[in-house]
Number of protein chains: 4
Amino acid sequence: MAASPHPRRTNYSERVTTSDASASPERSPEHWVLSLSCPDRPGIVHAVAGLLAEHGGNITESQQFGDPDTHLFFMRVQVESAASRADLGAALTALAADFDMTWSLDVVGRPVRTLILVSTAAHCLNDLLFRQRSENLPIDIVAVAGNHRDLEPLTEFYGKTFHHIPVTKDTKAEAEAALLALVRELDVELVVLARYMQVLSDDLCRELEGKIINIHHSFLPSFKGAKPYHQAHDRGVKLIGATSHYVTGDLDEGPIIEQDVERVDHSRHVNELVAQGQDVERRVLARAVRWHAEHRVLLNGHRTVIFR
Amino acid sequence: MAASPHPRRTNYSERVTTSDASASPERSPEHWVLSLSCPDRPGIVHAVAGLLAEHGGNITESQQFGDPDTHLFFMRVQVESAASRADLGAALTALAADFDMTWSLDVVGRPVRTLILVSTAAHCLNDLLFRQRSENLPIDIVAVAGNHRDLEPLTEFYGKTFHHIPVTKDTKAEAEAALLALVRELDVELVVLARYMQVLSDDLCRELEGKIINIHHSFLPSFKGAKPYHQAHDRGVKLIGATSHYVTGDLDEGPIIEQDVERVDHSRHVNELVAQGQDVERRVLARAVRWHAEHRVLLNGHRTVIFR
Amino acid sequence: MAASPHPRRTNYSERVTTSDASASPERSPEHWVLSLSCPDRPGIVHAVAGLLAEHGGNITESQQFGDPDTHLFFMRVQVESAASRADLGAALTALAADFDMTWSLDVVGRPVRTLILVSTAAHCLNDLLFRQRSENLPIDIVAVAGNHRDLEPLTEFYGKTFHHIPVTKDTKAEAEAALLALVRELDVELVVLARYMQVLSDDLCRELEGKIINIHHSFLPSFKGAKPYHQAHDRGVKLIGATSHYVTGDLDEGPIIEQDVERVDHSRHVNELVAQGQDVERRVLARAVRWHAEHRVLLNGHRTVIFR
Amino acid sequence: MAASPHPRRTNYSERVTTSDASASPERSPEHWVLSLSCPDRPGIVHAVAGLLAEHGGNITESQQFGDPDTHLFFMRVQVESAASRADLGAALTALAADFDMTWSLDVVGRPVRTLILVSTAAHCLNDLLFRQRSENLPIDIVAVAGNHRDLEPLTEFYGKTFHHIPVTKDTKAEAEAALLALVRELDVELVVLARYMQVLSDDLCRELEGKIINIHHSFLPSFKGAKPYHQAHDRGVKLIGATSHYVTGDLDEGPIIEQDVERVDHSRHVNELVAQGQDVERRVLARAVRWHAEHRVLLNGHRTVIFR
């Protein structure tokens, strides 16, 4: 389904869900989440609320934001409605044409099909696997792929498939082709770089724009690039941090989704910073993945709007 | 103007502002803030958005929340509209009757007429006076009243009037009568207890319900009553806190607006906890006063909804 | 070895380590950690430093604290020395007699033999198992015991032995006897209640005094007892917390080791508080276990001194 | 008094205090704070503790740290002793020669003579003046100097002298000469740049090395230089911060004393970041000034050791 007149700007995939299969005239209501952005002007909220009301919608949660700098308007609505996706989609497509609107529609809580890329560090993968099982983090981890085999047992303990895709300087192009094939074959909507220690090519970044989330182990824009904890230790900072962001061709420059910090002191060696930082990294990454999967993250140029 | 069919439940005062005096047919748009709550049911957002659209409104910010436990719906909207207060008020009164709605309408940023009550501790008063002057905290401190004279010079440095209203066991009733007279004479919309070390009578609490904000120097519900830092030190807690809440007849039991904490360790004497706690107290109180003055705090039974 | 004239007050076990087996006259230096407390008076530091200097010690880290309220003195020293444990122990025993001192001596980083008790919630167990494997948390998890079998697979994935010890009202005494037998048989130094949903008997608490750490899912002393997140939600607090403490016969009243909080808002249902709270719980418990295992926690009456 | 064989490395001034004037043979004990650093080697703590014991000292608080990277040792001791400063000083001078030690000795709580430099922003000055009066921040604000007159009334309200020293491109050298004259005339030990919007010359930085504390309104090393909140807003960070550091010739590169952050979201305009940031700035600056004045900050190359 064409969700948007600006498909490049669409963050979210739309999918047919099982609940959508029914053609029964007496549907039970579904809980939808609608996210949209467009140039700001009067009447957007009224038009959207009107469209939803015409489809018997009951708004349960809603947030809006108009950016006075970019003159863009952002909205996220959760609404209960017995209308079919086809009907809602047709109405939204018409509305979007009027308002030059980018939108996405999904069912609240539908697990987003997610591929996790790893190297050897286990803390982020372990955290995502555990949360997905126990806390209803709304993702469906369809596979884990690693350039090393270290995390295969952990992956399999959680009943997931591990793909070993080694990467060397000479095989980087093939490895990326294998990743992209996996993304297509498994119908992947979100790729999470869970301390995946490879820089992706510009082509792959573009191909998956808005669909790759990385965790960087510093409070960006400080300490870009390699060995950020060593840089932080050398500078003598009093807080270390982590940053989760969308991946773009500019290394460590993509739109920031979430950041957090922890206090350190002079007595910490670099390797203690690394260990302590793992706590921040996994917490920050898990929040970013959750908000993305709940369609709470909207792009505003190279910045993000987060409707928490 | 009668803002609501349930005036007892109204949190906010409505006032005629200078911008409202104009009767010109070509008004320039005003920036309004509308807060409301009502029993939850389909169609509220659509009805409100429709009402605002009919008055040429452009929504700049909006938040909604439906509480699944209390089945109440809460909404805060900022909207630009050239409509007069009278017109908007009439439309809202009609709508409120349909939805059994409590609402308030104000101009964004209008300073709320505020009376600050103090005893001898200066930190909260100093903070509110300073913020009001320098950071556009949207309150107008119309007077400061104290049961001691210690804070008169600080008050007068900021060009405010200080009222000395001493309180003894025998004169408590008279003192409260004097306070209430001040509230009425100065058209006070908000009373802030900035470490005012007197317990207000039930009658006064009822009279000013929803209009008195207190700062308690503990992380409630821990350490109610007197000397909370001594209680905290004795229990050996690792974080101390402060709580800002609406005052009700139940001491330290009113609806919580904001809380925060700071880390302490075993080496801190009680008097150091007291000094360190002043930082948390003034920060927490300032946030609560700001959110109240910006109509971001709505009552949900004995809890609060905060639209930040 | 009798470490102290007040054995009941000793927090830590002393053990013969492999490095102690050598009787060679040219020992390579060992890294020791010495923790002690005694009534405060002049000369303690000098006496301790002198004793260590006599044994060729080089102090690498040291912290002291004299409590003006209890008139007790606390000290933790890390020292490199080639002296044997027997020699150091004899000297310390003599010193302790002079100063009425409680002390413990251990090798820095020696893993503390730990038994983890669980019911069905996995987050704390998963966290401890993961940290122990990956971050050098200095514990040796010698077994996991649960009153349900739910966490047996997770335990076994990490190569640990799971003991199923069911508890009913009628079998509580037998279950505790089985636990105590396990503690003795496995030479357990530390018992961690990782969301173990059983109240231990006074007898067991006394038997293992200072050796059991619990995680309570509230910011104590608020919300003691059952269902703290429900209590917190009902009170409308703006931060939820967790508290790690030594277990005593007084439920949720033991000496606090660590606490932390996370911000919540009005939109969170109780079950979301529960999920969000898991993050705080596991973080707080892991810190408490680490500090205990590193001999950083000293008892000061019903409070703790933490040398971080 | 020559406090050190490496006077350039000495952070702290030594002064004769009134309590030192007595030549009585039966002195009442004074509470001293001794800070020192030297190349690490065995025996330092024993030697220092021995020296203090010989002077009847009772250690009330002590912290040590040996940096494995720089091989430097750092120590801060609070000790009660009836010995005279002359006697203690002579003994320390002898010890320092043996250990190549930099040291300072002061009376606990003695207010450090402080000059505050300001431009037009009041929040940091107001905070320091208020804390000094009410919370026993151990500084004596001997004067405030500003390149604008805006903060003269606030300064005078607190009974302090305001010096107006205007700065233009052409008069910068004269202005710095006037500042330096003030420092000498008033016997200033610490200069605080409380949002003083002038870059000091290299000469002045060298002249007052280790005696000037600045507050930078970003989480360094991010957003050095001008308009950090604008930079932060443009980058879309999710936390804003402030950094207090010693001033060196390298702009915003001096040793960091303290940092902290606050959460922001997409809805904040730049001017709101500026207002919110004032809270962090004053908190961070006040902590740095306190720790410096309590001799808790020791230089470790271009980093700091903080004994809190």
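Residues numbered from 1 in each chain as written. Chains lettered and ligands numbered in written order. Predicted model: local features only at pLDDT ≥ 70, side-chain atom pairs only at ≥ 80, totals over all residues. Heavy atoms only, no water.

Asker: What is the right way to read the confidence of the model for chain A from this model?
Answerer: Predicted coordinates in areas of low pLDDT are best not read in detail. Residues and elements named next belong to chain A. When pLDDT is averaged across chain A, the result is 89; 91% of the residues are at 70 or more. Here residues 1-24 scores under 50 on pLDDT; set against residues more than four positions off or in separate chains, the count is 56 contacts. Per the prediction output, this complex has pTM 0.91; the corresponding ipTM is 0.87. (pLDDT = per-residue confidence, 0-100. Contact = heavy atoms within 4.5 Å.)

Asker: Quick question: what am I supposed to make of the sheet that holds strand 6 (residues 139-146) of chain D here?
Answerer: In a beta sheet, neighbouring strands are held together by backbone hydrogen bonds and run either parallel or antiparallel to one another. Residues and elements named next belong to chain D. Across the sheet, seven strands lie side by side as 7-6-5-8-9-10-11; this open sheet has mixed pairing. Two strands close off the open sheet at either side, each with one partner strand: strand 7 (162-164) and strand 11 (256-263). Ignoring which end each strand starts from, the neighbouring axes of this sheet average 20° apart. Across three bridges, strand 6 lies against strand 7 in parallel orientation. Its bridge partner lying in strand 7, V144 is registered against F162. Of the strands in this sheet, strand 5 (112-118), strand 6, strand 8 (190-193) and strand 9 (212-216) are in contact with helix 3 (residues 123-134), which crosses strand 6 at around 155°. (Pairing = 2+ DSSP bridges. Helix = DSSP H or I, 4+ residues; strand = E, 2+ residues; numbered from the N terminus. Axes fitted to C-alpha atoms, helices over the stretch in contact; angles between N-to-C directions.)

Asker: How should the sheet that holds strand 3 (residues 72-81) of chain B be read in this particular structure?
Answerer: One open sheet accounts for eight strands, arranged 4(A)-1(A)-3(A)-2(A)-2(B)-3(B)-1(B)-4(B); its pairing is antiparallel. Each end of this open sheet is capped by a strand with a single partner; those strands are strand 4 (102-107) of chain A together with strand 4 (102-107) of chain B. In this sheet, adjacent strand axes meet at a mean angle of 10° when their direction is disregarded. By the bridge criterion, six bridges tie strand 1 (residues 30-39) of chain B to strand 4 of chain B in an arrangement that is antiparallel. Within strand 4 of chain B, the position partnered with L36(B) by the bridge is W103(B). Across the sheet, helix 1 (residues 44-54) of chain A lies against strand 1 (30-39), strand 2 (58-67) and strand 3 (72-81) of chain A together with strand 2 (58-67) of chain B, angled at about 20° from strand 3 of chain A, the strand it touches most. Most of the contacts of helix 2 (residues 85-99) of chain B go to strand 4 of chain B, to which it runs at about 165°, and overall it touches strand 1 and strand 4 of chain B.

Asker: I'm lost on the environment of K227(C) in this one. Help?
Answerer: Topologically, K227(C) is positioned in the loop between strand 9 (212-216) and helix 7 (228-235). Separated by 27 residues in the primary sequence, K227(C) and L200(C) have C-alpha atoms spaced 18 Å apart.

Asker: Looking at this structure, I do not really get the UniProt feature "active site" (unreviewed entry) in chain A. What am I missing?
Answerer: The positions that UniProt labels "active site" (unreviewed entry) are, in the present scheme, D252(A). On the secondary structure map, D252(A) appears in the loop between strand 10 (239-246) and strand 11 (256-263). Setting aside chain neighbours within four positions, we find D252(A) in contact with N214(A), H216(A), L220(A), K224(A), G225(A), H245(A) and R235(D). Polar contacts involving the side chain of D252(A) include one to the side chain of H216(A), which spans 3.4 Å. (UniProt positions renumbered as here; feature names shortened; annotations may be inferred. Polar contact = N/O pair within 3.5 Å; in protein donor to acceptor, adjacent residues only side chain to side chain.)

Asker: What's the story with the relation of the copies chain D and chain A in this structure? I'm lost.
Answerer: In this arrangement, two copies of a chain are superimposed by a rotation about an axis accompanied by a shift along the axis. Of the transformation superimposing chain D on chain A, the axial component is 0.0 Å and the angular component is 180°, with the fit at an RMSD of 0.0 Å. One copy is carried onto the other by what is essentially a two-fold rotation axis. Taking C-alpha positions as the reference, the residue of chain D nearest the rotation axis is S222(D), at 2.5 Å. An overlap of 100% is found between the interface residues of chain D and their copies at the interface of chain A, pointing to a shared contact surface. (Least-squares fit on C-alpha atoms with pLDDT ≥ 70 in both.)

Asker: Looking at this structure, I do not really get helix 3 (residues 123-134) of chain C. What am I missing?
Answerer: Residue and element names in this part refer to chain C. Taking 1.5 Å of rise per residue, the twelve residues of helix 3 would be expected to cover 16 Å, and the 16 Å separating its terminal C-alpha atoms lies within 8% of that figure. When helix 3 is considered as a whole, its buried residues turn out to be H123, C124, L125, N126, D127, L128, L129, F130, R131 and Q132. Directly beyond the C-terminal end of helix 3, a positive phi value near 60° is found at N136. (Expected span 1.5 Å × (residues − 1). Buried < 20%, exposed > 50% of the residue type's maximum accessible area, 1.4 Å probe, protein only.)

Asker: Can you help me understand the environment of L179(B) in this one?
Answerer: Residue and element names in this part refer to chain B. Along the chain, L179 turns up in helix 5 (residues 172-185). Sequence-wise, L179 and Y229 are 50 residues apart; in three dimensions their C-alpha atoms are separated by 29 Å. Those residues in contact with L179 that sit more than four places away from it in its chain are L117, A145, I165 and Y196.

Asker: Quick question: what am I supposed to make of the pairing of strand 10 (residues 239-246) of chain C here?
Answerer: Side-chain direction in a regular strand flips from residue to residue, so the side chains alternate between the two faces of the sheet. Residue and element names in this part refer to chain C. Where burial is concerned, most of strand 10 is hidden: eight out of the eight residues are buried. Of the two faces of strand 10, both are covered, the one formed by L239, G241, T243 and H245 as well as the one formed by I240, A242, S244 and Y246. Sheet topology note: the strand 9/strand 10 ladder contains four bridges and is antiparallel. When the sheet's bridge partners are listed, I215 is paired in strand 10 with S244. The pairing of strand 10 with strand 11 (residues 256-263) spans seven bridges and is classified as antiparallel. Among the inter-strand pairings, H245 is bridged to a residue of strand 11, identified as I256.

Asker: It is not clear to me how the relation of the copies chain A and chain C should be interpreted in this structure. Could you clarify?
Answerer: When chain A is fitted to chain C, the residual RMSD is 0.0 Å, and the transformation amounts to a turn of 180° plus an axial shift of 0.0 Å. A shared binding surface is used by both copies, with 100% of the interface residues of chain A retained as interface residues in chain C.

Asker: Please clarify how the interface of chain A and chain C should be interpreted in this entry.
Answerer: When the parts come together, some accessible area is lost, and that loss is often what is quoted as the size of the interface. Contacts between chain A and chain C engage 18 residues on the former and 18 residues on the latter. Of the roughly 1,400 Å² buried between chain A and chain C, counting both surfaces, carbon and sulfur atoms make up 50%. The interface formed by chain A and chain C holds four salt bridges in total. In this structure, the salt-bridge partner of D127(A) is R282(C), at a minimum N-O distance of 2.9 Å. Viewed at the interface, chain C and chain A are joined by four residue pairs in polar contact (both at pLDDT 80 or more). Of all the secondary-structure elements, those providing two or more residues to the side of chain A that touches chain C are helix 3 (123-134), helix 4 (152-157) and helix 8 (270-293) of chain A. Tallied by class, the residues present in the side of chain A that touches chain C amount to seven nonpolar, four polar and seven charged. (Buried area = accessible area lost by both parts, 1.4 Å probe. Salt bridge = Lys/Arg side-chain N within 4 Å of Asp/Glu carboxyl O. Nonpolar A, V, L, I, M, F, W, Y, C, P; charged D, E, K, R; others polar.)

Asker: What's the story with the UniProt feature "domain: ACT" (unreviewed entry) in chain A in this structure? I'm lost.
Answerer: Within this numbering scheme, the UniProt entry marks residues 33-110 of chain A as carrying the feature "domain: ACT" (unreviewed entry). Spanning residues 33-110 of chain A, this segment combines 33% helix with 42% strand, and its end C-alpha atoms are found 10 Å apart.

Asker: Help me understand the interface of chain D and chain A in this model?
Answerer: If you look at the interface, chain D gives 36 residues, while chain A gives 36 residues. Summed over both partners, the interface of chain D with chain A buries about 3,200 Å², with 54% contributed by carbon and sulfur atoms. Looking only at chain D, the three residues that lose the most surface to chain A are R235(D), K238(D) and H266(D), adding up to 23% of its buried area. Measuring nitrogen to oxygen at the nearest pair gives 3.0 Å for the salt bridge that ties E258(D) to R263(A). On the surface where chain D and chain A come into contact, there are 21 residue pairs in polar contact (both at pLDDT 80 or more). Elements represented by at least two residues in the side of chain D that touches chain A include exactly helix 7 (228-235), strand 11 and strand 13 (303-306) of chain D. Residues that form the side of chain D that touches chain A fall into these classes: 14 nonpolar, ten polar and twelve charged.

Asker: How should I be thinking about the packing of aromatic side chains in this particular structure?
Answerer: Describing an aromatic ring pair means giving the distance of the ring centres and the angle of the ring planes. Counting across every chain of the model gives twelve aromatic pairs over all chains. With a centroid separation of 5.2 Å and 85° between ring planes, the pair formed by F157(A) and Y158(A) is classed as edge-to-face. Through a chain of ring-to-ring contacts, the aromatic side chains of F157(A), Y158(A), F157(C) and Y158(C) assemble into a single cluster. Over the ring of F157(C) we find R133(C); its NZ or CZ atom is 6.0 Å from the centre of that ring. In this structure, R41(D) packs its charged tip against the face of F99(D), placed 4.0 Å from the ring centre. (Phe/Tyr/Trp six-rings, centres within 6.5 Å; stacked < 30°, edge-to-face > 60°. Lys NZ or Arg CZ within 6 Å of the ring centre and 35° of its normal.)

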